[in-house]
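Residues per chain, in single letters:
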Number of protein chains: 2
Amino acid sequence: MQRDTSQRRAIRRALEDAGRPLGALEVLEASKGEAPGLGIATVYRNIKALLEEGDISEVALPGEPPRYEAAGKDHHHHFRCARCERVYELGGACLPDLKNALPRGFRVTSHEVLVHGVCAACSKR
Amino acid sequence: MQRDTSQRRAIRRALEDAGRPLGALEVLEASKGEAPGLGIATVYRNIKALLEEGDISEVALPGEPPRYEAAGKDHHHHFRCARCERVYELGGACLPDLKNALPRGFRVTSHEVLVHGVCAACSKR
DNA sequence: CGTTATTTGATACTGTGTTATCATTATCAA
DNA sequence: TTGATAATGATAACACAGTATCAAATAACG
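The sections below set out a description of the structure shown in this document. Please read these numbers as outputs of a predicted model, since none were measured by experiment.

A few words now on the overall build of chain A. Helix and strand counts for chain A come out as five helices and five strands. Secondary structure elements of chain A occur, N-terminal to C-terminal, as α-α-α-β-β-β-β-α-β-α. For chain A, the proportion of its 125 residues judged to be buried stands at 41%. As displayed, chain A offers around 7,000 Å² of accessible surface, 48% of which is attributable to carbon and sulfur atoms.

Here it is in structure tokens:
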């Protein structure tokens, strides 16, 4: 990935401008205006390259394919709409400040916290 | 699923006794003592049935196959060990009380909050 | 411009987790 | 105990997301 192609520009731009994390198919859709005829393989290829270059980062969701967002943001969390399945970015607040950090009109039905680390048993080895 | 088989008993028991959410293969392993020769298909079948009956619930994780735990627990979160890949149950505390709620010897490297709900745009329809 | 090597798009393929199939085994009501 | 039928185990089939392949298109260098 060293050449500057219209497809690559469109994909990078789509991710930068979205304001929320996008899945591979969302990237495809969002990029088609600027790069008609864009194929899904190219989207995957460029997402991979952008990840390796550190320009975007992966937003992993339980039971769903990952979304991608511009890298370098401050600590923040996400909101997934159960209807449109879009994922939004929430401000930096952690629970239980989260209610206040919600955009107007967003309704919460549940939340999930997953903590990553090393357990006591594994720490001993 | 209406008959009381040794396999079904073993699977239910494994999930009840584990004290932490188990994946399908973990269930298989944990049940083999009580039900030798147990097949993975039977594990999946019974997990599905137990889910439908509401006896267990699914713990979805980003980028991983789901784990399963006894249903009816109070609100709580999970901890995934990066080394052994086991998932543990954490007490009911939400962030930022989470640090105090950690079992002794558990080390946190990161955490994730995912909020579920309906966004403003979808609420309007 | 022309050459060369990278990127693209279409699509075949892969890997992983789960489900379907089906002959065999086991449960359970009579 | 027996007979109907549900559950099991082995494994084939499936679904999905992502990757490899390869001919054609195109960027980048002179």
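What follows is about the protein's contact with DNA strand D. What surrounds DNA strand D is a group of 20 residues, the closest being A:Tyr44, B:Met1, B:Gln2, B:Thr42 and B:Arg45. Of what DNA strand D places within 4 Å of the protein, 65% of the atoms are sugar or phosphate. B:Arg45 is positioned with one of its side-chain polar atoms (N or O) 2.7 Å from a base nitrogen of DNA strand D. Counting residues per element, the ones that place at least two in the surface near DNA strand D are α3 (40-52) and β2 (64-70) of chain A together with α1 (6-18) and α3 (40-52) of chain B.

Another aspect to go through is unusual backbone geometry. Even without being a glycine, A:Glu85 presents a positive backbone phi close to 65°. Counting through the fold element by element, A:Glu85 comes out in the loop between β3 (78-81) and β4 (87-89).

With that settled, consider the sheet that holds strand β2 (residues 56-61) of chain B. All names here are of chain B. Strand order across the open sheet formed by three strands is β1-β3-β2, with antiparallel pairing between neighbours. Here the strands that pair on one side only, and so sit at the sheet edges, are β1 (22-23) and β2. Of the strands in this sheet, β2 and β3 (64-70) are in contact with α3, which crosses β2 at around 110°.

Rules used in this analysis
- Residues numbered from 1 in each chain as written.
- Chains lettered and ligands numbered in written order.
- Predicted model: local features only at pLDDT ≥ 70, side-chain atom pairs only at ≥ 80, totals over all residues.
- Heavy atoms only, no water.
- Helix = DSSP H or I, 4+ residues; strand = E, 2+ residues; numbered from the N terminus.
- Buried < 20%, exposed > 50% of the residue type's maximum accessible area, 1.4 Å probe, protein only.
- Areas by Shrake-Rupley, 256 points an atom, 1.4 Å probe, with all protein chains shown as cover.
- Near = heavy atom within 4 Å.
- Polar contact = N/O pair within 3.5 Å; in protein donor to acceptor, adjacent residues only side chain to side chain.
- Pairing = 2+ DSSP bridges.
- Contact = heavy atoms within 4.5 Å.
- Axes fitted to C-alpha atoms, helices over the stretch in contact; angles between N-to-C directions.

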